[in-house]
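Topology and contacts: notes
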Amino acid sequence: MNQVSLRTKHIICLLFCLLLFLSAAAQADTEIQLNDGSALTITETRYNRMLPHSFYDQAMASLPQLYPEHELLAGRRSGRVGGVIYSLICYRKSPSSDRVIIQAVAVHNRQAWNIETLTNTTSYPGVLLQVLERINGLPSITH
């Protein structure tokens, strides 16, 4: 019973933290079609000085609780492309899944964005490169 209770608390905590991260500013989502046909969603979010690192730390702590069988394909706590600093995770919910989830948070000049897309394992390497290219262009995409 304690395990279920603890897991429930972790999930509630994760949802609360995600709501904080994903609390979008007044602007709507920007959706970009990628080469493989998947949609990249970019949402402006509230900036805070703990981003993007806190996104990565929370994701790494939460993934084992949410998807015990997950397979982490890539993760970067702090990366930089151009003037944009980002954190990124790429994972499958289970090793047998053919769907790859790419999530990131990026920051530039006190602006912050959530980035997310879903692709397949075959397209994943190319899609990841496209996501990084879009992260680099964030300041121009949202102005």
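In the block above lies the structure referred to throughout.
Residues numbered from 1 in each chain as written. Predicted model: local features only at pLDDT ≥ 70, side-chain atom pairs only at ≥ 80, totals over all residues. Heavy atoms only, no water.

Let us look at helix α2 (residues 53–66). Taking 1.5 Å of rise per residue, 14 residues should cover 20 Å, and α2 covers 20 Å from first to last C-alpha, within 8% of that figure. The sharpest bend along α2 measures roughly 25 degrees and falls at Met 60, with the proline Pro 64 sitting one to four residues further on. All of the buried residues along α2 are Ser 54, Phe 55, Tyr 56, Gln 58, Ala 59, Ser 62 and Leu 63. (Helix = DSSP H or I, 4+ residues; strand = E, 2+ residues; numbered from the N terminus. Expected span 1.5 Å × (residues − 1). Bend = angle between axes of the 7 residues up to and from the residue. Buried < 20%, exposed > 50% of the residue type's maximum accessible area, 1.4 Å probe, protein only.)

The final tally for this structure, using the stated rule, is two salt bridges. Salt-bridge contacts for Arg 77 lead to Asp 57; the nearest nitrogen and oxygen are separated by 2.8 Å. Here Arg 77 is found in strand β3 (residues 71–81), whereas its partner Asp 57 is found in helix α2, with 20 residues between them in sequence. According to the relative accessible area criterion, Arg 77 is partly exposed, its value standing at 39%. (Salt bridge = Lys/Arg side-chain N within 4 Å of Asp/Glu carboxyl O.)

By size, the foremost hydrophobic cluster in this structure holds 22 residues, and its most contacted members are Ile 102, Ile 115 and Ile 135. Sorting the residues of this core by element identifies β2 (39–45), β3, β4 (84–92), β5 (99–108), β6 (111–120) and α3 (124–136) as the ones contributing at least two each. At five residues, α3 tops the list of elements feeding residues into this core. Sequence-distant contacts of Ile 102, that is, excluding residues within four places in its chain, are made with Leu 88, Ile 89, Cys 90, Ile 115, Glu 116, Thr 117, Thr 119, Tyr 124, Val 127, Leu 128 and Val 131. With 11 residues, the next largest nonpolar core counts Leu 51, Phe 55, Ala 59 and Ile 101 among its residues. (Core = buried A, V, L, I, M, F, W, Y, C linked by side-chain atoms within 4.5 Å. Contact = heavy atoms within 4.5 Å.)

Bringing the environment of Thr 117 into the picture now. Along the chain, Thr 117 turns up in strand β6. Classification of Thr 117 by relative accessible area gives buried; the value is 4%. Sequence-wise, Thr 117 and Leu 40 are 77 residues apart; in three dimensions their C-alpha atoms are separated by 4.8 Å. Reaching out from Thr 117, the side chain makes a polar contact with the backbone oxygen of Ala 39 at a distance of 2.9 Å. (Polar contact = N/O pair within 3.5 Å; in protein donor to acceptor, adjacent residues only side chain to side chain.)

Note: strand β1 (residues 30–33) against β2, four bridges, orientation antiparallel. Residue Glu 31 lies in a different strand from β2, and its bridge partner there is Thr 41. Between β1 and β2, which pair antiparallel one after the other, the connecting turn spans five residues, and Gly 37 there sits at a positive phi close to 95 degrees. (Pairing = 2+ DSSP bridges.)

Okay, the environment of Ala 74 next. Mapped onto the elements of the fold, Ala 74 is located in strand β3. Each C-alpha atom of the pair Ala 74 and Cys 90 lies 5.0 Å from the other, and the pair is 16 residues apart in sequence. Apart from residues no more than four positions distant in its own chain, Ala 74 is found in contact with Leu 88, Ile 89, Cys 90 and Tyr 124.

Everything listed here is a matter of geometry and, on its own, says nothing about what the molecule does.
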